[in-house]
Amino acid sequence: MIYLSRADVERVAPPMSAIVAVVERALIEKARGRAQMPPKHWMEHGGRWFGGMSSVVPGLGHAAMKWQSGSQDNAAKGLPYITGMLFLNDLEDGVVVAVMDSTWITQQRTAAASAVTARHLAAPGARSFAMLGCGLQAYSHLDALGLVLPELREVIAYDIRPAAAEAFVRHAAARGLAARTVPSARAAVEAGDVVVTAGPIVPDAERPIEPGWLGVGALGITLDYDCYWSGPAFAAADLLVTDDFDQLEHLKGEGYFTDAPLPDVDIGSVAAGRKPGRRSPRDRIVSLNMGVSVEDVATAKEIYELARARGVGVELTL
């Protein structure tokens, strides 16, 4: 097998367009019942969470297990919010063919899943993207959403750390977009045609977003479970979407989504054309994107094949 450090993973780095394509395929495979994926294994201790995710995707020829932790305290230690490792297995022999750092994988596949969501659920002609929480996900989301929102012209940024929002605005402006910070979460939500929240995942979060904040025709995507959104805000959506029903129910036992209604549909079924998504340009839609393991399998497979082809990584014996 090969070991791929974070530097190795970033060295082979498949383009975002390729990741969006394989993540969409993986979500469709799951929606069609052609993947096995139990809910996340989840634990919390001392302000830090630990999570394990696994799945088998026969159509991609691989299975994977990802083990991660995350904490708000990581930034002060010079670490990303999320760190972890991924184990990729070949289905033919069942052996581990690669062990790789999962930080970059999680960053990219999460944004790719949002792009799949926006491709199928954003209103036609969506022009603005609001980001709440301007860490690494803000940058990967700008790359990913730019691929599926051809009319994107404006970026709105909010972060409890103003410097983070300002840095992201400078980055977006350098890409030729009109970009600005706003002073509150409400101002960001009200301004975006596509709204992405990426705050810390903690069960006792304030959950400030209320019904009526999301604009007519807007799409909200929550990456931080329900840590920005109130239950009534979810209930007010014309369509509530998720990336996995079982995982959503499992997390209720951990203190998340406790007052969220049952979603109407999963994004894989919409992408596969099996179930309807947006019905009107005026629909307010919220998608609960918790992050699912089939996305990791798809992304890790791309990285593994590129690494093998380019001779990147360290050979290890089992």
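Relevant structure appears above.
Residues numbered from 1 in each chain as written. Predicted model: local features only at pLDDT ≥ 70, side-chain atom pairs only at ≥ 80, totals over all residues. Heavy atoms only, no water.

**Student:** Outline the overall build of the chain, supporting the account with residue identities and numerical values.
**Tutor:** The helix and strand inventory of the chain stands at ten helices and 15 strands. For the chain, the C-alpha radius of gyration of 19 Å lies close to 20 Å, the compact-globule estimate for 318 residues. Oriented by its inertia axes, the alpha-carbon framework of the chain measures out at about 55 × 40 × 40 Å. The long-range fraction of contacts in the chain, counting pairs at least 24 apart against all pairs at least 6 apart in sequence, stands at 73%. Accessible area of the chain: about 12800 Å², with a carbon and sulfur share of 52%. Side chains of the chain carry 30 positive and 37 negative charges; the gap between the two charge centres is 5 Å. (Helix = DSSP H or I, 4+ residues; strand = E, 2+ residues; numbered from the N terminus. Rg over C-alpha atoms; globule rule 2.2 N^0.38 Å. Contact = heavy atoms within 4.5 Å. Areas by Shrake-Rupley, 256 points an atom, 1.4 Å probe, with all protein chains shown as cover. Lys, Arg positive; Asp, Glu negative; His and termini not counted. Charge placed at Lys NZ, Arg CZ, Asp CG, Glu CD.)

**Student:** Describe the pairing of strand S14 (residues 285-288), naming the residues involved and giving the relevant values.
**Tutor:** Residues Ile-285 and Ser-287 of S14 are buried on one face, and the alternating residues Val-286 and Leu-288, pointing to the opposite face, are buried as well. As paired strands, strand S11 (residues 219-222) and S14 are joined by four bridges and run parallel to one another. When the sheet's bridge partners are listed, Ile-221 is paired in S14 with Ser-287. The pairing of strand S12 (residues 239-242) with S14 spans four bridges and is parallel. Residue pairing in the sheet places Thr-242 in a bridge with Leu-288 of S14. (Buried < 20%, exposed > 50% of the residue type's maximum accessible area, 1.4 Å probe, protein only. Pairing = 2+ DSSP bridges.)

**Student:** Lay out unusual backbone geometry with the relevant residues and their values.
**Tutor:** Unlike most non-glycine residues, Tyr-225 shows phi in positive territory, near 55°. Looking at the secondary structure, you find Tyr-225 in the loop between S11 and helix H7 (231-235). Look at Phe-257: it is not a glycine, yet its phi comes out positive at around 60°. Looking at the secondary structure, you find Phe-257 in the loop between helix H8 (245-252) and strand S13 (265-266).

**Student:** Let's hear about the sheet that holds strand S3 (residues 48-57): which residues, and what values?
**Tutor:** Spatial strand order, S2-S3-S4-S5-S6-S1-S15: seven strands in an open sheet with mixed pairing. A strand with exactly one partner marks an edge of an open sheet, and here the two such strands are strand S2 (41-45) and strand S15 (314-315). On top of the sheet, helix H3 (residues 103-121) reaches S3, strand S4 (62-71), strand S5 (82-90) and strand S6 (96-101); it is set at about 90° to S5, its chief contact. Across the sheet, helix H10 (residues 293-310) touches strand S1 (2-4), S3, S4, S5, S6 and S15, and the angle it forms with S3 is around 75°. (Axes fitted to C-alpha atoms, helices over the stretch in contact; angles between N-to-C directions.)

**Student:** Pulling in residues and values, what's your account of a nonpolar patch on the surface?
**Tutor:** A cluster of nonpolar side chains, namely Met-43, Met-65, Trp-67 and Phe-87, defines an oily patch on the protein surface of about 340 Å² accessible area. Positionally, Met-65 belongs in strand S4. We classify Met-65 as partly exposed; its relative accessible area is 32%. (Patch = residues over 30% accessible without salt bridge, like charges linked within 9 Å, V, L, I, M, F, W, Y side chains within 5 Å. Salt bridge = Lys/Arg side-chain N within 4 Å of Asp/Glu carboxyl O.)

**Student:** So what's going on with the sheet that holds strand S10 (residues 194-197)? Which residues, and what values?
**Tutor:** Spatial ordering of the open sheet is given by S9-S8-S7-S10-S11-S14-S12-S13, a layout of eight strands whose pairing is parallel. Edge positions in the sheet fall to strand S9 (178-181) and S13, since each has one partner strand and no second. As defined by bridge partners, strand S7 (residues 128-132) adjoins strand S8 (residues 154-158) across five bridges and the pair is classed as parallel. Bridge pairing in S8 places Phe-129 opposite Val-155.

**Student:** Tell me about the packing of helix H2 (residues 16-31) against H3, residues and numbers included.
**Tutor:** Put simply, H2 and H3 touch, their axes get as near as 8 Å, and they point 70° apart. When the axis of H2 is compared with that of H3, the two are roughly perpendicular. Residues Met-16, Ile-19, Val-20, Val-23, Glu-24 and Leu-27 of H2 lie in contact with H3, whose contacting residues are Trp-104, Gln-108, Arg-109, Ala-111, Ala-112, Ala-113, Ala-115, Val-116, Arg-119 and His-120. Of the residues assigned to the contact of H2 with H3, the class counts are eleven nonpolar, two polar and three charged. (Parallel < 35°, antiparallel > 145°, perpendicular 65-115°, else oblique. Nonpolar A, V, L, I, M, F, W, Y, C, P; charged D, E, K, R; others polar.)

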